[in-house]
Amino acid sequence: MTVAKRNKRVKPDPELVKLADSLLANYQKPEDLIGENGLLKQLTKMLVERALETEMSEHLGHGKSEAVTNATGNTRNGHSAKTLQGEFGELPLDIPRDRQGAFEPKLVGRHQTRWSGFDDRIISLYARGLSVREIQGHLEEMYGTRCRPRSSRP
């Protein structure tokens, strides 16, 4: 008989533990963490938008409110609204823009509307025999999002 070795538990970074403790100071029920306006959704939004701002700084070669250092003179030009569908429901994001329209975000692509893996889960539900209506009901129940099938007709 083979006994599987249990992996040692990796200790988290003490700074991250302090941050998590401070974020969970007002935690009372699961909805505070995973609800529609829960901490996970707020953190996801904040981290994604901060990462996109970092990508923009890399693209332009200078930070926000710093002198323009690129040869083309390209600068920031506000934000565009985008809503992503994912495991957490809908996530509204503000995507930074540049004046020349050359910024191609890596984290959230230009025409991306879903987090990767979401479509694969829908296909697997269909493959398991669920009808389109059952999948719609499942999505509404699990993620709080309503959807309707797109017509394939022009």
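Residues numbered from 1 in each chain as written. Predicted model: local features only at pLDDT ≥ 70, side-chain atom pairs only at ≥ 80, totals over all residues. Heavy atoms only, no water.

### Points about the nonpolar core
- In terms of nonpolar packing, the biggest core is built from 8 residues, these being V48, L52, L84, L91, L93, I95, V108 and W115.
- Only α3 (39–60) and β2 (89–98) provide two or more residues apiece to this core.
- A per-element tally of this core places β2 first, with 3 residues.
- Every residue in contact with L52, bar those within four places of it in the chain, is listed here: I95, P96, F103, P105, L107 and V108. (Core = buried A, V, L, I, M, F, W, Y, C linked by side-chain atoms within 4.5 Å. Buried < 20%, exposed > 50% of the residue type's maximum accessible area, 1.4 Å probe, protein only. Helix = DSSP H or I, 4+ residues; strand = E, 2+ residues; numbered from the N terminus. Contact = heavy atoms within 4.5 Å.)

### What to know about the pattern of salt bridges
- Enumeration according to the criterion identifies 6 salt bridges in this entry.
- Here K41 ties to E36 by a salt bridge, and the two come within 2.9 Å at their closest N and O atoms.
- Overall, K41 belongs to the buried group, its relative accessible area being 10%.
- In this structure, the salt-bridge partner of R110 is E104, at a minimum N-O distance of 3.4 Å. (Salt bridge = Lys/Arg side-chain N within 4 Å of Asp/Glu carboxyl O.)

### Side note on a nonpolar patch on the surface
- A surface patch of nonpolar side chains, amounting to about 450 Å² of accessible area, comprises L16, L19, L23, L24 and Y27.
- Within the secondary structure, L24 sits in the loop between α1 (14–23) and α2 (30–34).
- Owing to a relative accessible area of 38%, L24 belongs among the partly exposed residues under this scheme. (Patch = residues over 30% accessible without salt bridge, like charges linked within 9 Å, V, L, I, M, F, W, Y side chains within 5 Å. Areas by Shrake-Rupley, 256 points an atom, 1.4 Å probe, with all protein chains shown as cover.)

### Describing α3
- The terminal C-alpha atoms of α3 lie 31 Å apart, and with 22 residues this matches the ideal 32 Å at 1.5 Å per residue to within 8%.
- Looking at the buried side of α3, the elements it contacts are α1, α2, β1 (76–86) and β2.
- Phi for G61, located one or two positions after α3, is positive at around 85 degrees. (Expected span 1.5 Å × (residues − 1).)

### Description of unusual backbone geometry
- Positive phi outside glycine occurs at S65, with the angle close to 65 degrees.
- One can find S65 in the loop between α3 and β1.
- Given the relative accessible area of 80%, S65 is considered exposed.

### Some details on the side chain of D98
- Mapping D98 onto the fold places it in strand β2.
- Buried charge without a salt bridge: D98, with R110 as the nearest opposite-charge side chain at an N-O distance of 5.3 Å.
- Side-chain polar atoms of D98 contact the side chain of H59, separated by 3.2 Å.
- Apart from the residues lying within four places of it in its own chain, the contact partners of D98 are M56, H59, L60, N74, T75, R76, N77 and F103. (Lys, Arg positive; Asp, Glu negative; His and termini not counted. Polar contact = N/O pair within 3.5 Å; in protein donor to acceptor, adjacent residues only side chain to side chain.)

### Quick word on α1
- Of all 10 residues in α1, 0 are buried, a share of ten percent or less.
- The N-cap of α1, judged by a side-chain oxygen 2.9 Å from the amide nitrogen of E15 a few residues on, is D13.

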